[in-house]
Amino acid sequence: MTTTTLPTPANLSITPRDRRFGRDAATPRLWHGGRVEATAIYNALSTTFPKGEAFFVESVRAFRDGAPPKLAEEIKGFTTQEAIHSREHDAFNKRAAEAGYNLSKLEAQVEKRLAVTRGKPPVVSLAATMALEHFTAILAHQLLANPRHLEGADRETADLWRWHAVEEIEHKGVAYDTWLHATRTWTRWKRWKLKTRVMLYVTRNFVVDRTGGALELMRQDGVTGLRAWAKLLWYLWIEPGMFRKIAGAWVRYFLPGFHPWDVDDRHLLAAYSSRARDGEPKRKVRRSV
Ligand SMILES: [Fe+2]
Ligand SMILES: [Fe+2]
């Protein structure tokens, strides 16, 4: 049996910001600087969020009973943030559909993956959520730390992605802390074995599905075959190279004693807040449950 330590910063506040994006005007089809491959990968990612984040909420909630008060409060913040993210990405996906994309194949793939995971014990769903939350947190870090990723993007849509990124960093420890609590009677080895296996499984599906999803959307823009592969792989792995740039942070997950807050990246939240003060004001909302 191991003891549970929760290194999430004691003064961290998980603050849902109830914002709405892109309601006033249509989003351009190639909103990411007119680039087919850049638009495609972000759209492919967005397609996963409405159903995927609802699954995260359900997986974490299954283990909230008996959680310490601080964690219980964080779960509420997490749940509210993810619910609003689902709403905004659903709206974004509808705009992509209005712009002419057919997302049905991508959505079917998400549902297929979720059905497989839901067929396993709830702790596996929690481990999958924890792995995907690590993914979203390290993608979010990279997105905020390096302006190259959203260079040339439609302003309102770039705002949507930055807002989502901020909240992903803010709640990055919640699924992990819920897992530490849920498995507090497990040995370190048993924990490590399950979280590692699930992370490898999730990573394979994440890379294969997002790449496949992006290629499908590029096909709808008339870019196919080797040309599509070359453009997409260059974008993801070389320049700006999001997947390459998160590789080191991904590996950290496997280190014994890893915790998402080993990297304290709250300076990115502070930078976002000072930017936001010049633009649309953020407002707090009531937390769920
Ligand atoms: Fe989210
Ligand atoms: Fe999240």
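See the structure above.
Rules and cut-offs
- Residues numbered from 1 in each chain as written.
- Chains lettered and ligands numbered in written order.
- Predicted model: local features only at pLDDT ≥ 70, side-chain atom pairs only at ≥ 80, totals over all residues.
- Heavy atoms only, no water.
- Donors = N, O, S within 2.8 Å, 3.2 Å for Na, K, Ca; no water.
- Helix = DSSP H or I, 4+ residues; strand = E, 2+ residues; numbered from the N terminus.
- Buried < 20%, exposed > 50% of the residue type's maximum accessible area, 1.4 Å probe, protein only.
- Tetrahedral: all angles 85-135°; square planar, octahedral: opposite > 155°, others 65-115°.
- Contact = heavy atoms within 4.5 Å.
- Axes fitted to C-alpha atoms, helices over the stretch in contact; angles between N-to-C directions.
- Parallel < 35°, antiparallel > 145°, perpendicular 65-115°, else oblique.
- Left-handed = near helix turned anticlockwise from the far one by under 90°.
- Nonpolar A, V, L, I, M, F, W, Y, C, P; charged D, E, K, R; others polar.
- 1 Å grid on protein atoms, 1.4 Å probe; cavity = no way out; pocket = protein on both sides within 12 Å on 5 of 7 lines; lining within 4 Å.
- Points joined across faces, edges and corners; volume = space filled by probe spheres on them.
- Polar contact = N/O pair within 3.5 Å; in protein donor to acceptor, adjacent residues only side chain to side chain.
- Phe/Tyr/Trp six-rings, centres within 6.5 Å; stacked < 30°, edge-to-face > 60°.
- Lys NZ or Arg CZ within 6 Å of the ring centre and 35° of its normal.

Section: the coordination of the iron ion (ligand 1)
Line of reasoning, step 1. The coordination sphere of the iron ion (ligand 1), as far as protein atoms go, consists of Glu53 (OE), Glu82 (OE), His85 (ND1), His164 (NE2) and Glu168 (OE), spread over 2.0 to 2.3 Å.
Line of reasoning, step 2. In primary sequence terms, the donor set of the iron ion (ligand 1) follows E-x28-E-x2-H-x78-H-x3-E.
Line of reasoning, step 3. In this structure the iron ion (ligand 2) is found 3.8 Å away from the iron ion (ligand 1), and Glu82 serves as a bridging donor for the pair. Placement of the pair is His85 in helix α2 (residues 69-98) and Glu168 in helix α5 (residues 155-170), with a sequence separation of 83 residues.
Line of reasoning, step 4. For Glu168, a relative accessible area of 2% puts it in the buried group.

Describing the coordination of the iron ion (ligand 2)
Line of reasoning, step 1. Taken together, the protein ligands of the iron ion (ligand 2) are Glu82 (OE), Glu133 (OE), Glu133 (OE), Glu168 (OE), Glu168 (OE) and His171 (NE2), with distances of 2.0 to 2.7 Å.
Line of reasoning, step 2. One way to put it: the six donor atoms around the iron ion (ligand 2) meet at angles of 52 to 150 degrees, and that makes the site irregular.

Concerning the side chain of Glu88
Line of reasoning, step 1. The topology assignment puts Glu88 in helix α2.
Line of reasoning, step 2. Sequence-distant contacts of Glu88, defined by excluding residues within four places in its chain, comprise Arg19, Arg20, Phe21, Arg23, Leu160 and Trp163.

Side note on the packing of helix α1 (residues 36-61) against helix α8 (residues 225-238)
Helix-helix packing is described using two parameters, namely the angle between the two axes and the distance between the axes.
Line of reasoning, step 1. Relative orientation of the contacting elements α1 and α8 amounts to 70 degrees, with a least axis distance of 9 Å. Judged on the interaxial angle alone, α8 and α1 are roughly perpendicular. In this structure, α1 meets α8 at a crossing whose hand is right-handed. Every residue of α8 that contacts α1 at Glu37, Ala38, Ile41 and Tyr42 is listed here: Lys231, Leu232, Tyr235 and Leu236.
Line of reasoning, step 2. Grouping the constituent residues of the contact of α1 with α8 by class yields six nonpolar, no polar and two charged.

Quick notes on empty space enclosed by the protein
Line of reasoning, step 1. Enumeration according to the criterion identifies three cavities of 30 Å³ or more in this entry.
Line of reasoning, step 2. Of the pockets and cavities examined, the largest cavity occupies roughly 280 Å³.
Line of reasoning, step 3. Surrounding the largest cavity, 20 residues form its lining, Tyr42, Leu45, Leu139, Trp161 and Met242 being those nearest its centre.
Line of reasoning, step 4. Of all the elements in the fold, those that place two or more residues in the lining of the largest cavity are α1, α4 (122-145), α5, α7 (188-220), α8 and α9 (242-252).
Line of reasoning, step 5. Among the residues making up the lining of the largest cavity, the classes are represented as 15 nonpolar, three polar and two charged.

Overview of the side chain of Glu170
Line of reasoning, step 1. Tracing the backbone shows Glu170 in helix α5.
Line of reasoning, step 2. Looking at Glu170, its side chain comes within polar contact range of the side chain of Arg17, at 2.8 Å.
Line of reasoning, step 3. Those residues in contact with Glu170 that lie beyond four places of it in its chain are Leu12, Ser13, Ile14, Thr15, Arg17, Gln81, Trp261 and Leu269.

What to know about the packing of aromatic side chains
Line of reasoning, step 1. Applying the stated criterion across every chain yields a total of 17 aromatic pairs.
Line of reasoning, step 2. An angle of 55 degrees between the planes, with centres 6.1 Å apart, marks the rings of Phe49 and Trp161 as tilted. Placement of Phe49 in helix α1 and of Trp161 in helix α5 is noted, with a sequence separation of 112 residues between them.
Line of reasoning, step 3. The class for Phe49 is buried, based on a relative accessible area of 8%.
Line of reasoning, step 4. Taking relative accessible area as the criterion, Trp161 reaches 5% and is therefore assigned buried.
Line of reasoning, step 5. An angle of 45 degrees between the planes, with centres 6.2 Å apart, marks the rings of Phe206 and Phe243 as tilted. Of this pair, Phe206 sits in helix α7 while Phe243 is found in helix α9, placing the two residues 37 residues apart along the sequence.
Line of reasoning, step 6. In this structure an aromatic cluster arises from ring pairing among Trp31, Tyr42, Phe49, Phe92 and Trp161.
Line of reasoning, step 7. Its end group placed over the ring of Phe206, Arg210 keeps NZ or CZ at 5.5 Å from the ring centre.

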